[in-house]
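Single-letter residue listing:
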Amino acid sequence: MSHITSTGTKSAILLIYTGGTIGMKEDPAIQALRPFNFSQILEEVPELGKFAYRIDSYTFDPIIDSSDVEPSLWIAITELIEQKYDEYDGFVILHGTDTMAYSASAVSFMIEGLTKPVIFTGSQLPIGIPRTDGKENLISSVEIAAARDSEGHALVPEVCICFDNILMRGNRALKINSDHFRAFRSPNYPPLAEAGINIRYNQQLIRRPDNWNARPIFHKTLDTRVSILKIHPGITPQIVRTILCSNDTRAVIIETYGAGNAPSKDWFLDIVREASESGKIILDVTQCLAGSVNMDIYATGKCLKEAGVVNGYDSTTESALGKLFYLLGEIQENATVKKMLETDLRGEISK
Ligand code: ASP
């Protein structure tokens, strides 16, 4: 744990460093980027010391490229926030961009009744590089994590991703660009805030807890027996059967076409029915970047519904994965899991 000297103690923020490009440096030995020490990041952003906040930091060991993220990291992040919850007003998580949307989604389900901001951020260029986007992203995230209203309540008590001046609900965000600074988008839900000269908060879109004084519930049991099946022209019965009927899965997310459609061929529906009857939970999300599944429009969608497939509405795949890990970890009965999948728990779906 390290401290940044600041000019006051208005808000206390914990920076949690997991790795990612923001903290990478070229390693001459392998001529590729590798994560480096967190204290070097802080040296690159002296602006943080100008905030009238107490800013502490915690570094995970090892720090990783987020392509190596595992659900165990989400459990560790949730445990850390649980331990430090009363000490800090907000949490900023520095994370690689590649799997940030998965991590933000999962953590959003793992913390129920959040009353403080948990902001994920990172960058496309390392923080030591002159044109880095990392400084801007980090400074805006810290400011948003510390923002409170006149009653002292957090302005954004949600798990979010803050990137390129846009604050998005974490379980709505997607990485959509590997080149541009605008690497994330939230196609199915408007930004919670936008940073220009001022940070403009879209108050009516931000979720608030039922009880500001209640401590959140931290859920730390995940069941990861979930697979993803992306439908495509030419998909074979062997592939569909291998994924849907595997003994190692309890649930399968099917990424379907458009409004939730899949092939109407008998072999396909027979396998879906067989999997569903044998106790697999099958969730329908769309491959489209924006929009929602509606299984009542087309005959192909209706057949899936009749075969027991659950409607994923406008969920991202990343969010569906985190939600399933969380629900399966908590609930044994499939009927209850299915009901919860179709329920908006953390603002992740619109119905
Ligand atoms: N590979 C990096 C990561 O996800 C990319 C990034 O951070 O932008 O850790």
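Nothing here was measured: the structure is a model prediction, and the numbers come from that model.

## Remarks on the overall build of the chain
Helix and strand content of the chain: 9 helices and 19 strands. Here the C-alpha coordinates of the chain stretch approximately 70 × 50 × 35 Å along the principal axes. A burial count over the chain gives 55% of its 351 residues as buried. For the chain, restricting intrachain contacts to residue pairs at least 6 apart in sequence, the fraction spanning at least 24 positions comes to 75%. A total accessible area of about 15,300 Å² is found for the chain, and carbon and sulfur atoms account for 48% of it. Computed over 34 positive and 44 negative side-chain charges, the inter-centroid distance for the chain is 3 Å.

## As for the site of the ligand
Within the structure, the ligand sits among Gly-20, Thr-21, Asp-65, Ser-66, Gly-96, Thr-97, Asp-98, Ser-123 and Gln-124. One of the backbone N or O atoms of Thr-21 is found 2.9 Å from an oxygen atom in the ligand. Within the side chain of Asp-65, one N or O atom sits 3.0 Å away from a nitrogen atom of the ligand. In isolation the ligand has 260 Å² of accessible area, and contact with the protein removes 91% of it. A class-by-class count of the residues in the shell around the ligand yields no nonpolar, 7 polar and 2 charged.

## Some points on the side chain of Asn-137
Mapped onto the elements, Asn-137 comes out in helix α4 (residues 134–146). According to the relative accessible area criterion, Asn-137 is buried, its value standing at 3%. Within the local environment of Asn-137, its side chain forms a polar contact with the backbone nitrogen of Asp-164, the two atoms lying 3.0 Å apart. Once you skip the residues sitting within four places of it in the chain, Asn-137 turns out to touch Thr-121, Gly-122, Ser-123, Cys-162, Phe-163, Asp-164 and Asn-165.

## Section: the layout of surface pockets
If you roll a probe as big as a water molecule over the atoms, it shows you where there is empty space left. Its volume calculated, the largest pocket comes out at about 450 Å³. By residue class, the composition of the lining of the largest pocket is 11 nonpolar, 4 polar and 8 charged.

## As for the sheet that holds strand β17 (residues 251–256)
The 4 strands lie next to each other as β16-β17-β18-β19, forming an open sheet whose pairing is parallel. Across the chains shown, the open sheet's two edge strands, defined by having one partner strand only, are β16 (226–230) and β19 (310–311). Bridge count for strand β18 (residues 281–286) against β19 is 2 bridges, and the pairing is parallel. By the bridge assignment, Asp-284 is partnered in β19 with Asn-311. Contacts between helix α8 (residues 317–330) and the sheet are confined to β16, β17 and β18, with β17 contributing the most and set at about 165 degrees to the helix.

## Some words on the pattern of salt bridges
Per the counting criterion, the structure on display carries 15 salt bridges. Between Glu-47 and Lys-135 there is a salt bridge, with the nearest N and O atoms lying 3.6 Å from each other. Taken together, the residues Glu-47 in the loop between α1 (38–44) and β5 (53–64) and Lys-135 in helix α4 connect sequence positions 88 residues apart. Accessibility expressed as a relative area gives 27% for Lys-135, which makes it partly exposed. Here Asp-223 and Arg-225 are joined by a salt bridge, their closest N and O atoms 2.8 Å apart.

About the criteria used
- Residues numbered from 1 in each chain as written.
- Predicted model: local features only at pLDDT ≥ 70, side-chain atom pairs only at ≥ 80, totals over all residues.
- Heavy atoms only, no water.
- Helix = DSSP H or I, 4+ residues; strand = E, 2+ residues; numbered from the N terminus.
- Buried < 20%, exposed > 50% of the residue type's maximum accessible area, 1.4 Å probe, protein only.
- Contact = heavy atoms within 4.5 Å.
- Areas by Shrake-Rupley, 256 points an atom, 1.4 Å probe, with all protein chains shown as cover.
- Lys, Arg positive; Asp, Glu negative; His and termini not counted.
- Charge placed at Lys NZ, Arg CZ, Asp CG, Glu CD.
- Near = heavy atom within 4 Å.
- Polar contact = N/O pair within 3.5 Å; in protein donor to acceptor, adjacent residues only side chain to side chain.
- Nonpolar A, V, L, I, M, F, W, Y, C, P; charged D, E, K, R; others polar.
- 1 Å grid on protein atoms, 1.4 Å probe; cavity = no way out; pocket = protein on both sides within 12 Å on 5 of 7 lines; lining within 4 Å.
- Points joined across faces, edges and corners; volume = space filled by probe spheres on them.
- Pairing = 2+ DSSP bridges.
- Axes fitted to C-alpha atoms, helices over the stretch in contact; angles between N-to-C directions.
- Salt bridge = Lys/Arg side-chain N within 4 Å of Asp/Glu carboxyl O.

By themselves, these observations are geometric and do not establish any function.
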